[in-house]
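Examination of the molecular architecture
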Amino acid sequence: MHKELPIISPDKFHDECAVFGIYGHEEAANLTYLGLYALQHRGQEASGIVSGDGDQFYIQKGMGLVADIYNKTTLEKLPGRMAIGHNRYSTAGGNDLKNVQPFNVNFAFGNLALAHNGNLINAQVLRNELEAYGAIFQSTSDTEVIIHLIAHSRASTFLARVMDALNQVRGAFSLVLMTDNGLIAVRDPHGLRPLCLGRVRGSWVVASETCAFDLLDAEYIREIEPGELVVLSDQGIDSHRPFPKVDPAMCVFEYVYFARPDSRIYGANAVYSTRKALGRRLAKESWVDADIVIPVPDSGVPAALGYSEGGGIPFETGLIRNHYVGRTFIEPEQSIRHFGVKVKLNAVPEVLTGKRVVVVDDSLVRGTTSRKIVKMLRNAGAKEVHMRISSPPIVSPCFYGIDTPTKKELIASNHSTEEIRKYITADSLAYLSLDGMLQSAPGVPAQYCNACFTEKYPIAFTRAEEMQLGLFGPSADVKKVM
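A few points on the structure.

Definitions and limits used
- Residues numbered from 1 in each chain as written.
- Predicted model: local features only at pLDDT ≥ 70, side-chain atom pairs only at ≥ 80, totals over all residues.
- Heavy atoms only, no water.
- Helix = DSSP H or I, 4+ residues; strand = E, 2+ residues; numbered from the N terminus.
- Rg over C-alpha atoms; globule rule 2.2 N^0.38 Å.
- Buried < 20%, exposed > 50% of the residue type's maximum accessible area, 1.4 Å probe, protein only.
- Contact = heavy atoms within 4.5 Å.
- Areas by Shrake-Rupley, 256 points an atom, 1.4 Å probe, with all protein chains shown as cover.
- Lys, Arg positive; Asp, Glu negative; His and termini not counted.
- Charge placed at Lys NZ, Arg CZ, Asp CG, Glu CD.
- Axes fitted to C-alpha atoms, helices over the stretch in contact; angles between N-to-C directions.
- Parallel < 35°, antiparallel > 145°, perpendicular 65-115°, else oblique.
- Left-handed = near helix turned anticlockwise from the far one by under 90°.

On to the overall build of the chain. Along its length, the chain carries 17 helices and 27 strands. Against the compact-globule benchmark of 23 Å for 482 residues, the chain has a radius of gyration of 23 Å, which places it among compact chains. Its C-alpha atoms put the chain at 70 × 50 × 50 Å along the principal axes. In the chain, which comprises 482 residues, the share counted as buried stands at 59%. For the chain, the proportion of contacts with a sequence separation of at least 24, taken over those separated by at least 6, is 70%. Summed over all atoms, the accessible surface of the chain reaches about 19400 Å², with 52% contributed by carbon and sulfur. Across the chain, the 49 positively charged side chains and the 53 negatively charged ones have centroids separated by 5 Å.

Each full turn of the α-helix corresponds to 3.6 residues, which orients residues three or four apart in the same direction. Among the 11 residues of helix α1 (residues 28-38), eight are classified as buried, and the element is accordingly described as predominantly covered. A28, A29, L31, T32, Y33, G35, L36 and A38 are the residues of α1 that are buried.

Moving on, we come to unusual backbone geometry. P102 follows Q101 through a cis peptide bond whose omega is 0°. Structurally, P102 can be placed in the loop between β5 (82-88) and β6 (103-107). Residue D298 follows P297 across a cis peptide bond; omega there is 0°. One can find D298 in the loop between β18 (292-295) and α10 (301-311). Backbone geometry places Y266, a non-glycine residue, at a positive phi of 50°. When you line up the elements, Y266 lands in the loop between β16 (264-265) and β17 (269-270). Judged by relative accessible area, which is 5%, Y266 ranks as buried. Here A268, not a glycine, exhibits a phi torsion of approximately 65°, which is positive. For A268, the location among the structural elements is in the loop between β16 and β17.

Before going further, it helps to examine the packing of helix α9 (residues 271-285) against α10. Where α9 meets α10, the closest approach of the two axes is 6 Å, and the angle between their N-to-C directions is 45°. In terms of axis orientation, α9 runs oblique to α10. Classified by chirality, the crossing of α10 by α9 is right-handed. Mapping the contact onto sequence places Y272, R275, K276, G279, R280, L282 and A283 in α9 and P302, A303, L305, G306, Y307, E309, G310 and G311 in α10.

This is the structure:
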(Lines give C-alpha, C1' and ligand atoms only; values in the text may rest on other atoms or scores of the structure.)
Protein backbone atom coordinates (compact mmCIF):
# COMPACT_ATOMS: atom_id res chain seq x y z
CA MET A 1 0.00 0.00 0.00
CA HIS A 2 1.14 3.54 -0.74
CA LYS A 3 0.95 5.77 2.27
CA GLU A 4 1.41 9.40 3.19
CA LEU A 5 4.65 10.00 5.00
CA PRO A 6 5.02 13.13 7.15
CA ILE A 7 8.35 14.67 6.25
CA ILE A 8 8.59 17.40 8.85
CA SER A 9 11.68 16.35 10.74
CA PRO A 10 10.80 14.59 14.00
CA ASP A 11 14.12 15.89 15.33
CA LYS A 12 12.79 19.47 15.36
CA PHE A 13 10.29 21.31 17.49
CA HIS A 14 7.25 22.21 15.42
CA ASP A 15 6.90 25.86 14.56
CA GLU A 16 4.67 28.24 16.44
CA CYS A 17 2.44 30.91 14.91
CA ALA A 18 2.88 34.28 13.23
CA VAL A 19 0.91 37.50 13.68
CA PHE A 20 0.87 40.60 11.51
CA GLY A 21 -1.10 43.83 11.53
CA ILE A 22 -1.20 47.09 9.61
CA TYR A 23 -3.12 50.32 10.19
CA GLY A 24 -3.67 53.23 7.81
CA HIS A 25 -2.70 51.83 4.42
CA GLU A 26 -4.83 51.68 1.25
CA GLU A 27 -3.45 48.23 0.44
CA ALA A 28 -3.68 46.82 3.96
CA ALA A 29 -4.76 43.31 2.93
CA ASN A 30 -2.09 43.03 0.22
CA LEU A 31 0.66 44.05 2.63
CA THR A 32 -0.70 41.65 5.24
CA TYR A 33 -0.48 38.86 2.67
CA LEU A 34 3.16 39.74 1.99
CA GLY A 35 3.91 39.94 5.71
CA LEU A 36 2.42 36.50 6.29
CA TYR A 37 4.38 35.17 3.32
CA ALA A 38 7.61 36.33 4.98
CA LEU A 39 6.48 34.72 8.26
CA GLN A 40 5.52 31.38 6.69
CA HIS A 41 8.24 29.56 8.69
CA ARG A 42 6.32 30.18 11.91
CA GLY A 43 3.23 28.24 10.83
CA GLN A 44 2.30 26.15 7.81
CA GLU A 45 -1.05 24.57 8.67
CA ALA A 46 -3.39 27.46 7.92
CA SER A 47 -3.64 31.21 7.46
CA GLY A 48 -6.22 33.95 7.77
CA ILE A 49 -6.62 37.69 7.11
CA VAL A 50 -9.30 40.05 8.43
CA SER A 51 -9.53 43.58 7.01
CA GLY A 52 -11.65 46.51 8.10
CA ASP A 53 -12.95 49.72 6.52
CA GLY A 54 -14.25 51.33 9.72
CA ASP A 55 -17.76 49.93 9.32
CA GLN A 56 -17.39 46.29 8.39
CA PHE A 57 -14.87 43.46 8.68
CA TYR A 58 -13.96 41.15 5.78
CA ILE A 59 -12.33 37.76 6.22
CA GLN A 60 -10.49 35.13 4.20
CA LYS A 61 -9.15 31.89 5.74
CA GLY A 62 -7.85 28.60 4.47
CA MET A 63 -5.84 25.50 5.24
CA GLY A 64 -2.33 25.24 3.83
CA LEU A 65 0.40 27.67 2.84
CA VAL A 66 -0.01 31.41 2.35
CA ALA A 67 0.72 31.29 -1.39
CA ASP A 68 -1.94 28.60 -1.88
CA ILE A 69 -4.69 30.37 0.08
CA TYR A 70 -4.60 33.93 -1.26
CA ASN A 71 -4.68 35.27 -4.80
CA LYS A 72 -5.68 38.49 -6.50
CA THR A 73 -9.37 37.61 -6.34
CA THR A 74 -9.40 36.72 -2.63
CA LEU A 75 -7.38 39.80 -1.70
CA GLU A 76 -9.76 42.07 -3.61
CA LYS A 77 -12.46 40.83 -1.22
CA LEU A 78 -10.54 42.36 1.70
CA PRO A 79 -11.01 46.15 1.42
CA GLY A 80 -10.10 48.72 4.04
CA ARG A 81 -7.10 50.58 5.44
CA MET A 82 -6.40 48.13 8.26
CA ALA A 83 -5.90 44.39 8.50
CA ILE A 84 -4.49 41.68 10.71
CA GLY A 85 -3.26 38.22 9.73
CA HIS A 86 -2.18 34.95 11.25
CA ASN A 87 -0.22 31.87 10.21
CA ARG A 88 -1.10 28.83 12.28
CA TYR A 89 0.71 25.86 13.61
CA SER A 90 -1.61 24.30 16.15
CA THR A 91 -0.36 24.28 19.73
CA ALA A 92 -3.81 24.20 21.30
CA GLY A 93 -7.00 23.02 19.63
CA GLY A 94 -7.46 20.77 16.65
CA ASN A 95 -6.28 21.24 13.09
CA ASP A 96 -9.38 22.38 11.19
CA LEU A 97 -10.83 25.56 9.75
CA LYS A 98 -12.85 26.54 12.83
CA ASN A 99 -9.58 27.00 14.74
CA VAL A 100 -7.95 29.16 12.05
CA GLN A 101 -7.27 32.72 13.18
CA PRO A 102 -7.85 35.62 13.22
CA PHE A 103 -11.06 35.09 15.14
CA ASN A 104 -13.74 37.59 14.17
CA VAL A 105 -16.80 38.53 16.27
CA ASN A 106 -19.35 41.30 16.71
CA PHE A 107 -20.41 42.31 20.22
CA ALA A 108 -21.53 45.32 22.25
CA PHE A 109 -18.52 47.44 21.29
CA GLY A 110 -18.68 46.62 17.57
CA ASN A 111 -16.43 44.42 15.49
CA LEU A 112 -13.41 42.64 16.97
CA ALA A 113 -10.77 40.41 15.37
CA LEU A 114 -7.87 38.81 17.21
CA ALA A 115 -4.68 36.96 16.22
CA HIS A 116 -2.51 35.23 18.84
CA ASN A 117 0.99 33.80 18.96
CA GLY A 118 1.58 31.85 22.16
CA ASN A 119 -0.25 29.51 24.48
CA LEU A 120 -2.36 30.10 27.59
CA ILE A 121 -1.57 27.67 30.38
CA ASN A 122 -4.86 28.38 32.19
CA ALA A 123 -7.10 28.31 29.11
CA GLN A 124 -9.09 25.23 30.11
CA VAL A 125 -9.65 26.52 33.63
CA LEU A 126 -11.00 29.80 32.27
CA ARG A 127 -13.04 28.04 29.60
CA ASN A 128 -14.77 25.89 32.22
CA GLU A 129 -15.65 28.99 34.21
CA LEU A 130 -16.93 30.87 31.16
CA GLU A 131 -19.06 27.94 30.01
CA ALA A 132 -20.56 27.77 33.50
CA TYR A 133 -21.70 31.37 32.96
CA GLY A 134 -23.25 30.51 29.60
CA ALA A 135 -20.47 31.19 27.14
CA ILE A 136 -20.71 29.19 23.90
CA PHE A 137 -17.40 28.41 22.19
CA GLN A 138 -17.10 27.99 18.43
CA SER A 139 -13.57 26.51 18.44
CA THR A 140 -11.24 24.44 20.59
CA SER A 141 -8.49 27.09 20.47
CA ASP A 142 -7.24 28.69 23.68
CA THR A 143 -7.33 32.07 21.88
CA GLU A 144 -11.12 32.17 21.90
CA VAL A 145 -10.99 32.37 25.69
CA ILE A 146 -9.59 35.90 25.39
CA ILE A 147 -12.53 37.02 23.25
CA HIS A 148 -15.04 35.68 25.78
CA LEU A 149 -13.19 37.36 28.65
CA ILE A 150 -13.38 40.68 26.79
CA ALA A 151 -17.11 40.20 26.13
CA HIS A 152 -17.83 39.22 29.75
CA SER A 153 -15.82 42.05 31.30
CA ARG A 154 -17.75 44.71 33.21
CA ALA A 155 -15.22 47.46 32.42
CA SER A 156 -16.72 50.60 30.92
CA THR A 157 -14.45 51.05 27.89
CA PHE A 158 -13.24 48.59 25.29
CA LEU A 159 -9.57 49.17 26.12
CA ALA A 160 -10.27 48.59 29.81
CA ARG A 161 -12.04 45.34 28.91
CA VAL A 162 -9.00 44.16 26.96
CA MET A 163 -6.74 44.95 29.90
CA ASP A 164 -9.11 43.23 32.30
CA ALA A 165 -9.24 40.10 30.12
CA LEU A 166 -5.49 39.86 29.61
CA ASN A 167 -4.83 40.21 33.31
CA GLN A 168 -6.81 36.99 33.80
CA VAL A 169 -4.87 34.83 31.35
CA ARG A 170 -1.53 33.20 32.11
CA GLY A 171 1.12 32.06 29.70
CA ALA A 172 2.52 33.42 26.46
CA PHE A 173 0.70 35.88 24.23
CA SER A 174 1.80 38.23 21.51
CA LEU A 175 -1.52 39.55 20.26
CA VAL A 176 -2.83 41.80 17.52
CA LEU A 177 -6.45 42.93 17.88
CA MET A 178 -8.46 44.96 15.38
CA THR A 179 -11.52 47.07 16.15
CA ASP A 180 -13.56 49.43 14.03
CA ASN A 181 -11.27 52.24 15.16
CA GLY A 182 -7.77 50.78 15.00
CA LEU A 183 -5.33 48.10 16.12
CA ILE A 184 -4.07 46.97 19.51
CA ALA A 185 -0.79 45.09 19.85
CA VAL A 186 0.18 43.55 23.17
CA ARG A 187 2.89 41.30 24.54
CA ASP A 188 2.68 39.22 27.72
CA PRO A 189 4.53 40.48 30.81
CA HIS A 190 7.38 37.99 30.41
CA GLY A 191 7.79 38.72 26.69
CA LEU A 192 7.93 35.02 25.88
CA ARG A 193 7.17 35.45 22.17
CA PRO A 194 8.58 38.26 20.01
CA LEU A 195 6.58 41.18 18.58
CA CYS A 196 7.92 44.26 16.80
CA LEU A 197 6.67 47.63 15.59
CA GLY A 198 7.42 49.38 12.31
CA ARG A 199 6.34 52.02 9.79
CA VAL A 200 5.66 51.67 6.08
CA ARG A 201 4.90 54.81 4.07
CA GLY A 202 3.25 56.53 7.02
CA SER A 203 1.32 53.47 8.22
CA TRP A 204 1.91 51.47 11.38
CA VAL A 205 2.82 47.77 11.13
CA VAL A 206 3.36 45.07 13.75
CA ALA A 207 4.78 41.60 13.15
CA SER A 208 6.24 38.62 14.92
CA GLU A 209 9.61 39.21 13.23
CA THR A 210 11.40 41.96 11.31
CA CYS A 211 11.80 39.79 8.19
CA ALA A 212 8.18 40.75 7.44
CA PHE A 213 9.22 44.43 7.47
CA ASP A 214 12.09 43.82 5.07
CA LEU A 215 9.79 42.46 2.37
CA LEU A 216 7.57 45.55 2.67
CA ASP A 217 10.45 48.07 2.83
CA ALA A 218 9.08 49.00 6.25
CA GLU A 219 11.18 50.82 8.82
CA TYR A 220 11.82 48.96 12.05
CA ILE A 221 10.92 51.26 14.96
CA ARG A 222 11.28 49.06 18.04
CA GLU A 223 9.98 45.93 19.68
CA ILE A 224 6.75 45.90 21.62
CA GLU A 225 8.24 45.54 25.08
CA PRO A 226 7.31 42.74 27.51
CA GLY A 227 4.12 43.77 29.29
CA GLU A 228 3.36 46.61 26.86
CA LEU A 229 0.08 47.32 25.09
CA VAL A 230 0.04 49.81 22.21
CA VAL A 231 -2.98 51.32 20.48
CA LEU A 232 -2.58 52.29 16.81
CA SER A 233 -5.20 54.68 15.44
CA ASP A 234 -5.67 57.98 13.61
CA GLN A 235 -4.39 59.64 16.78
CA GLY A 236 -1.02 57.86 16.34
CA ILE A 237 0.43 55.44 18.86
CA ASP A 238 -0.54 55.24 22.52
CA SER A 239 1.44 52.98 24.90
CA HIS A 240 0.12 51.39 28.10
CA ARG A 241 1.52 49.14 30.84
CA PRO A 242 -1.51 47.19 32.09
CA PHE A 243 0.29 44.29 33.83
CA PRO A 244 2.15 43.88 37.11
CA LYS A 245 5.89 44.09 36.59
CA VAL A 246 7.67 40.71 36.32
CA ASP A 247 11.09 39.60 35.17
CA PRO A 248 11.46 39.06 31.41
CA ALA A 249 11.61 35.46 30.17
CA MET A 250 12.04 35.68 26.41
CA CYS A 251 12.26 32.37 24.57
CA VAL A 252 15.94 31.67 23.85
CA PHE A 253 14.93 28.97 21.35
CA GLU A 254 13.93 31.77 18.97
CA TYR A 255 17.66 32.38 18.53
CA VAL A 256 18.48 28.68 18.30
CA TYR A 257 15.92 27.67 15.68
CA PHE A 258 12.54 29.41 15.33
CA ALA A 259 13.21 32.90 14.06
CA ARG A 260 14.29 33.38 10.47
CA PRO A 261 18.04 34.01 10.38
CA ASP A 262 17.60 37.37 8.64
CA SER A 263 15.30 38.66 11.41
CA ARG A 264 16.18 40.82 14.37
CA ILE A 265 14.37 40.07 17.62
CA TYR A 266 14.38 41.06 21.30
CA GLY A 267 15.65 44.59 20.79
CA ALA A 268 16.89 44.36 17.19
CA ASN A 269 19.48 41.66 17.87
CA ALA A 270 20.44 39.78 14.71
CA VAL A 271 19.47 36.12 14.71
CA TYR A 272 22.11 35.13 12.13
CA SER A 273 25.07 36.51 14.07
CA THR A 274 23.76 34.93 17.28
CA ARG A 275 23.58 31.51 15.64
CA LYS A 276 27.15 31.90 14.38
CA ALA A 277 28.20 32.83 17.92
CA LEU A 278 26.54 29.64 19.19
CA GLY A 279 28.62 27.66 16.68
CA ARG A 280 31.87 29.38 17.64
CA ARG A 281 31.23 28.66 21.32
CA LEU A 282 30.38 25.05 20.44
CA ALA A 283 33.75 24.67 18.70
CA LYS A 284 35.49 26.10 21.76
CA GLU A 285 33.71 23.68 24.08
CA SER A 286 33.81 20.51 21.96
CA TRP A 287 36.47 20.76 19.26
CA VAL A 288 37.36 17.51 17.49
CA ASP A 289 40.14 16.79 15.02
CA ALA A 290 38.29 16.59 11.69
CA ASP A 291 38.67 17.40 8.00
CA ILE A 292 35.45 19.26 7.30
CA VAL A 293 32.42 20.82 9.02
CA ILE A 294 29.00 20.42 7.39
CA PRO A 295 25.58 21.71 8.48
CA VAL A 296 22.25 19.96 8.58
CA PRO A 297 20.50 22.41 6.25
CA ASP A 298 19.02 24.86 6.45
CA SER A 299 18.74 25.70 10.12
CA GLY A 300 22.20 24.38 11.02
CA VAL A 301 24.09 26.53 8.49
CA PRO A 302 24.95 29.62 10.62
CA ALA A 303 26.08 27.52 13.58
CA ALA A 304 28.19 25.32 11.29
CA LEU A 305 29.85 28.41 9.84
CA GLY A 306 30.58 29.57 13.38
CA TYR A 307 32.00 26.16 14.29
CA SER A 308 34.20 26.26 11.20
CA GLU A 309 35.53 29.70 12.11
CA GLY A 310 35.96 28.87 15.78
CA GLY A 311 37.54 25.48 15.19
CA GLY A 312 39.65 26.28 12.14
CA ILE A 313 38.08 23.43 10.14
CA PRO A 314 36.94 24.00 6.52
CA PHE A 315 33.20 24.43 5.93
CA GLU A 316 31.62 22.28 3.23
CA THR A 317 28.13 21.48 2.00
CA GLY A 318 27.87 17.73 2.52
CA LEU A 319 24.09 17.52 2.66
CA ILE A 320 21.79 19.00 0.03
CA ARG A 321 18.22 19.88 0.96
CA ASN A 322 15.27 19.54 -1.40
CA HIS A 323 13.40 22.82 -0.87
CA TYR A 324 10.36 21.74 -2.85
CA VAL A 325 9.08 19.00 -0.57
CA GLY A 326 5.62 19.64 0.83
CA ARG A 327 4.30 18.71 4.21
CA THR A 328 3.41 15.17 3.09
CA PHE A 329 4.73 12.84 0.44
CA ILE A 330 3.53 9.57 -1.02
CA GLU A 331 5.96 6.82 -0.05
CA PRO A 332 6.40 4.43 -3.00
CA GLU A 333 7.75 1.35 -1.24
CA GLN A 334 8.61 0.34 2.31
CA SER A 335 11.85 -1.12 0.94
CA ILE A 336 13.43 2.31 0.33
CA ARG A 337 15.65 2.74 3.38
CA HIS A 338 15.52 6.06 5.24
CA PHE A 339 13.04 7.38 2.68
CA GLY A 340 11.67 10.06 5.01
CA VAL A 341 15.09 11.70 5.34
CA LYS A 342 16.27 11.04 1.79
CA VAL A 343 13.33 12.84 0.27
CA LYS A 344 14.39 15.93 2.19
CA LEU A 345 18.20 15.56 2.41
CA ASN A 346 20.81 13.88 0.26
CA ALA A 347 24.52 13.35 0.91
CA VAL A 348 27.32 14.46 -1.44
CA PRO A 349 29.89 11.63 -1.76
CA GLU A 350 32.47 13.88 -3.47
CA VAL A 351 32.59 16.00 -0.32
CA LEU A 352 32.43 13.19 2.22
CA THR A 353 34.45 10.23 0.95
CA GLY A 354 37.34 9.42 3.26
CA LYS A 355 36.72 12.50 5.44
CA ARG A 356 36.40 12.96 9.17
CA VAL A 357 33.19 14.97 9.33
CA VAL A 358 31.71 17.27 11.97
CA VAL A 359 27.94 17.57 11.47
CA VAL A 360 26.38 20.64 13.11
CA ASP A 361 22.67 20.84 13.84
CA ASP A 362 20.78 23.35 15.96
CA SER A 363 18.92 20.85 18.16
CA LEU A 364 18.25 17.17 18.75
CA VAL A 365 14.77 16.23 19.92
CA ARG A 366 13.97 12.55 19.44
CA GLY A 367 17.20 11.49 17.73
CA THR A 368 15.55 9.52 14.94
CA THR A 369 16.53 11.87 12.13
CA SER A 370 20.07 12.31 13.45
CA ARG A 371 20.49 8.55 13.42
CA LYS A 372 19.43 8.38 9.76
CA ILE A 373 21.68 11.29 8.81
CA VAL A 374 24.73 9.65 10.40
CA LYS A 375 24.07 6.42 8.49
CA MET A 376 23.54 8.37 5.27
CA LEU A 377 26.90 10.12 5.69
CA ARG A 378 28.70 6.85 6.35
CA ASN A 379 27.07 5.29 3.29
CA ALA A 380 28.33 8.25 1.28
CA GLY A 381 31.89 7.52 2.34
CA ALA A 382 32.48 9.51 5.53
CA LYS A 383 35.35 8.01 7.54
CA GLU A 384 34.18 9.46 10.86
CA VAL A 385 30.98 11.30 11.82
CA HIS A 386 31.00 13.64 14.82
CA MET A 387 27.64 15.17 15.72
CA ARG A 388 27.62 18.64 17.32
CA ILE A 389 24.47 20.36 18.56
CA SER A 390 24.42 24.17 18.97
CA SER A 391 22.03 24.08 21.94
CA PRO A 392 21.88 22.08 25.21
CA PRO A 393 20.00 18.77 25.56
CA ILE A 394 16.23 19.30 25.43
CA VAL A 395 14.79 17.65 28.51
CA SER A 396 11.35 19.20 28.93
CA PRO A 397 8.38 20.26 26.78
CA CYS A 398 7.37 23.87 26.19
CA PHE A 399 3.95 25.11 27.31
CA TYR A 400 4.27 28.61 25.89
CA GLY A 401 3.28 28.24 22.25
CA ILE A 402 5.66 25.67 20.78
CA ASP A 403 4.33 22.26 19.77
CA THR A 404 6.83 19.96 21.46
CA PRO A 405 6.86 16.23 22.10
CA THR A 406 6.00 14.92 25.53
CA LYS A 407 8.79 14.53 28.05
CA LYS A 408 9.02 10.78 27.53
CA GLU A 409 9.56 11.36 23.77
CA LEU A 410 12.48 13.73 24.35
CA ILE A 411 15.51 11.47 24.10
CA ALA A 412 17.71 13.62 26.36
CA SER A 413 15.15 13.55 29.19
CA ASN A 414 15.89 9.91 29.98
CA HIS A 415 19.17 9.07 28.21
CA SER A 416 22.74 10.19 28.75
CA THR A 417 24.78 11.82 26.00
CA GLU A 418 26.76 8.61 25.57
CA GLU A 419 23.57 6.56 25.24
CA ILE A 420 22.29 9.00 22.62
CA ARG A 421 25.62 8.83 20.77
CA LYS A 422 25.34 5.07 20.56
CA TYR A 423 21.75 5.33 19.37
CA ILE A 424 22.54 7.75 16.54
CA THR A 425 25.74 5.72 15.80
CA ALA A 426 28.03 8.78 15.72
CA ASP A 427 31.73 8.58 16.58
CA SER A 428 31.15 11.39 19.07
CA LEU A 429 28.30 13.62 20.21
CA ALA A 430 28.48 16.92 22.07
CA TYR A 431 25.97 19.63 22.91
CA LEU A 432 26.54 23.30 23.60
CA SER A 433 26.45 23.92 27.34
CA LEU A 434 23.64 25.91 28.91
CA ASP A 435 26.09 28.61 30.00
CA GLY A 436 27.63 28.62 26.54
CA MET A 437 24.26 29.20 24.91
CA LEU A 438 23.19 31.93 27.33
CA GLN A 439 26.55 33.70 27.17
CA SER A 440 26.42 33.64 23.35
CA ALA A 441 22.92 35.17 23.21
CA PRO A 442 22.63 38.98 23.33
CA GLY A 443 21.85 40.66 26.63
CA VAL A 444 21.99 39.00 30.03
CA PRO A 445 21.28 35.28 30.63
CA ALA A 446 18.57 36.01 33.19
CA GLN A 447 16.29 37.61 30.57
CA TYR A 448 15.65 34.31 28.75
CA CYS A 449 13.29 31.42 29.28
CA ASN A 450 15.27 28.19 29.00
CA ALA A 451 12.66 25.80 30.41
CA CYS A 452 13.02 23.27 27.58
CA PHE A 453 16.66 22.80 28.64
CA THR A 454 16.25 23.07 32.43
CA GLU A 455 12.62 22.31 33.43
CA LYS A 456 12.65 25.68 35.22
CA TYR A 457 9.45 27.34 34.06
CA PRO A 458 9.17 31.10 34.59
CA ILE A 459 5.44 30.88 35.37
CA ALA A 460 4.55 28.55 38.24
CA PHE A 461 1.73 26.11 37.49
CA THR A 462 -1.35 25.73 39.65
CA ARG A 463 -2.69 22.24 40.21
CA ALA A 464 -5.55 22.89 37.76
CA GLU A 465 -3.07 24.03 35.12
CA GLU A 466 -0.95 20.95 35.68
CA MET A 467 -4.05 18.85 34.95
CA GLN A 468 -4.74 20.89 31.76
CA LEU A 469 -1.15 20.46 30.56
CA GLY A 470 -0.92 16.77 31.39
CA LEU A 471 1.44 17.24 34.33
CA PHE A 472 -0.10 14.69 36.62
CA GLY A 473 2.93 14.24 38.86
CA PRO A 474 3.50 16.19 42.06
CA SER A 475 4.03 19.93 41.71
CA ALA A 476 7.66 19.54 42.69
CA ASP A 477 8.30 17.84 39.34
CA VAL A 478 7.79 21.20 37.63
CA LYS A 479 10.42 23.61 38.85
CA LYS A 480 9.94 27.34 39.05
CA VAL A 481 12.71 29.83 38.39
CA MET A 482 13.72 31.27 41.75
